[in-house]
Amino acid sequence: MAFPTWAVAGFWGLVSGSALLLGAALGYFAKVPQRLIAAVMAFGSGVLISTLSLELMEEAYRKGGLPATALGFVGGAAAYTLANWLLARYGAKHRKRSGEHQSQERTAVQQGETSGNDAGDDNGLALAIGALLDGIPESIVIGLSMLAGGAVSMVAVVAIFLSNLPEGLSSAAGMKKAGRSARYVFLLWAGIALISGVSSLLGYTLFSGFSDEVVAATMAVSAGAVLAMIADTMIPEAFEVAHNFTGLITVIGFLVSFFLSKMD
């Protein structure tokens, strides 16, 4: 029995989002070395960068040409950067860090030291919104990838899954050190995983009737937002621990995704 295409889009979005929950479980309950977390983070960054370059941006350019692609790409990065800057002021700057950063940031927020925070009691809402900000553009990519021929790009699914795993792992490890309860951590990431499926579904259904230029710009917006996220959150976490090996591991991740794209 063939399932509707929109349901398939939602399913694969949920699959990729489930890596957040799996990573969170590993980060919260397992004693994962920070160097390994950093290596996986760097690898996931390379995989995502490759996917954005070879799959998303290429398809956006093919559909809408250079102006729509460039405008969407820069616009997506600018929108993410602005939202990320605002969230950092409310205590979510280090939401993907696995070390003591989240604990220190939470203490600062509780003491009212974080600029722009009038409540001064907690940064939980900022963390949740930050997780959404990072996860939604990635999931929309999966739905958009199905607009071309009705089949999901397995390269995109694998890339996002591999990038979500270290994101959930690193963030949950940091949340645990910051004193977050297991209930808080897993409800947060389960919610984000569910929203990932919905975002993928919407990425397909909402844009299936739009012109190629609009679809191209939307693809580029998602690509720009994801690339800005990688540069702002994933690479810094990886470099802080892995240092000189970060570039090499990122390149290996890029190469793996490149091979997958040629086998797709």
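No experiment lies behind these values; they were computed from the predicted model shown.

## Some points on the environment of Lys-176
Turning to step 1, where the next piece is worked out: Tracing the backbone shows Lys-176 in helix α5 (residues 154-177).
Turning to step 2, where the next piece is worked out: Its relative accessible area of 40% is what places Lys-176 among the partly exposed residues.

## Considerations on the side chain of Thr-69
Turning to step 1, where the next piece is worked out: With respect to the element layout, Thr-69 can be found in helix α2 (residues 34-89).
Turning to step 2, where the next piece is worked out: Looking at Thr-69, its side chain comes within polar contact range of the main-chain nitrogen of Tyr-61, at 3.4 Å.
Turning to step 3, where the next piece is worked out: Thr-69 has contacts with Met-57, Ala-60, Tyr-61 and Ala-220, leaving out every residue within four places of it along the chain.

## Considering the packing of α2 against helix α7 (residues 212-242)
Turning to step 1, where the next piece is worked out: The interhelical angle for the contact between α2 and α7, taken along N-to-C directions, is 155 degrees, at an axis separation of 4 Å. With respect to their mutual orientation, α2 and α7 come out roughly antiparallel. The element α2 and its partner α7 pack so that their crossing is left-handed.
Turning to step 2, where the next piece is worked out: Of the residues in the contact of α2 with α7, the class split is 32 nonpolar, 12 polar and seven charged.

## Here's the deal with the environment of Gly-253
Turning to step 1, where the next piece is worked out: With respect to the secondary-structure elements, Gly-253 resides in helix α8 (residues 246-263).
Turning to step 2, where the next piece is worked out: Residues Gly-253 and Ser-163, spaced 90 residues apart in sequence, show a C-alpha to C-alpha distance of 10.0 Å.
Turning to step 3, where the next piece is worked out: Among residues more than four places away in sequence, those in contact with Gly-253 are Phe-43, Gly-46 and Val-47.

## So, the side chain of Ser-200
Turning to step 1, where the next piece is worked out: With respect to the element layout, Ser-200 can be found in helix α6 (residues 182-205).
Turning to step 2, where the next piece is worked out: Beyond its immediate stretch of four places on either side in the chain, Ser-200 contacts Ala-9, Gly-10, Gly-13, Ser-139, Ile-142 and Gly-143.

## Focus: the nonpolar core
Turning to step 1, where the next piece is worked out: Leu-48, Met-229 and Ile-230 are the most contacted members of the largest nonpolar core, which has 34 residues in total.
Turning to step 2, where the next piece is worked out: Listing elements by their share of this core, those giving two or more residues are α2, α4 (124-145), α5 and α7.
Turning to step 3, where the next piece is worked out: Per-element tally for this core: the top contributor is α7, with 11 residues.

## What about the UniProt feature "transmembrane region" (unreviewed entry) in the protein chain?
Turning to step 1, where the next piece is worked out: The UniProt record annotates "transmembrane region" (unreviewed entry) at residues 6-29, 36-54, 66-87, 140-162, 182-207, 214-235 and 241-260.
Turning to step 2, where the next piece is worked out: Segment residues 182-207 splits into 92% helix and 0% strand. End C-alpha atoms: 37 Å apart.
Turning to step 3, where the next piece is worked out: End C-alpha atoms of residues 241-260 are separated by 28 Å, and the span's content is 85% helix alongside 0% strand.

## A few points about empty space enclosed by the protein
Turning to step 1, where the next piece is worked out: In the structure shown here, the tally under the stated rule is one cavity of 30 Å³ or more.
Turning to step 2, where the next piece is worked out: Of the voids in this model, the largest cavity is the one considered here, and its volume is about 40 Å³.
Turning to step 3, where the next piece is worked out: Lining the largest cavity are Leu-48, Thr-51, Leu-52, Glu-138, Val-141, Ile-160 and Val-226.
Turning to step 4, where the next piece is worked out: Elements represented by at least two residues in the lining of the largest cavity include exactly α2 and α4.

## What about the pattern of salt bridges?
Turning to step 1, where the next piece is worked out: Applying the stated rule across the entire model yields three salt bridges.
Turning to step 2, where the next piece is worked out: Residue Lys-63 is joined to Glu-59 by a salt bridge in which the shortest nitrogen-to-oxygen separation is 4.0 Å. Of this pair, Lys-63 and Glu-59 both sit in helix α2, four residues apart, roughly one helical turn. The same class applies to Lys-63 and to Glu-59, which are both buried.

Reading the values: rules and limits
- Residues numbered from 1 in each chain as written.
- Predicted model: local features only at pLDDT ≥ 70, side-chain atom pairs only at ≥ 80, totals over all residues.
- Heavy atoms only, no water.
- Helix = DSSP H or I, 4+ residues; strand = E, 2+ residues; numbered from the N terminus.
- Buried < 20%, exposed > 50% of the residue type's maximum accessible area, 1.4 Å probe, protein only.
- Polar contact = N/O pair within 3.5 Å; in protein donor to acceptor, adjacent residues only side chain to side chain.
- Contact = heavy atoms within 4.5 Å.
- Axes fitted to C-alpha atoms, helices over the stretch in contact; angles between N-to-C directions.
- Parallel < 35°, antiparallel > 145°, perpendicular 65-115°, else oblique.
- Left-handed = near helix turned anticlockwise from the far one by under 90°.
- Nonpolar A, V, L, I, M, F, W, Y, C, P; charged D, E, K, R; others polar.
- Core = buried A, V, L, I, M, F, W, Y, C linked by side-chain atoms within 4.5 Å.
- UniProt positions renumbered as here; feature names shortened; annotations may be inferred.
- 1 Å grid on protein atoms, 1.4 Å probe; cavity = no way out; pocket = protein on both sides within 12 Å on 5 of 7 lines; lining within 4 Å.
- Points joined across faces, edges and corners; volume = space filled by probe spheres on them.
- Salt bridge = Lys/Arg side-chain N within 4 Å of Asp/Glu carboxyl O.

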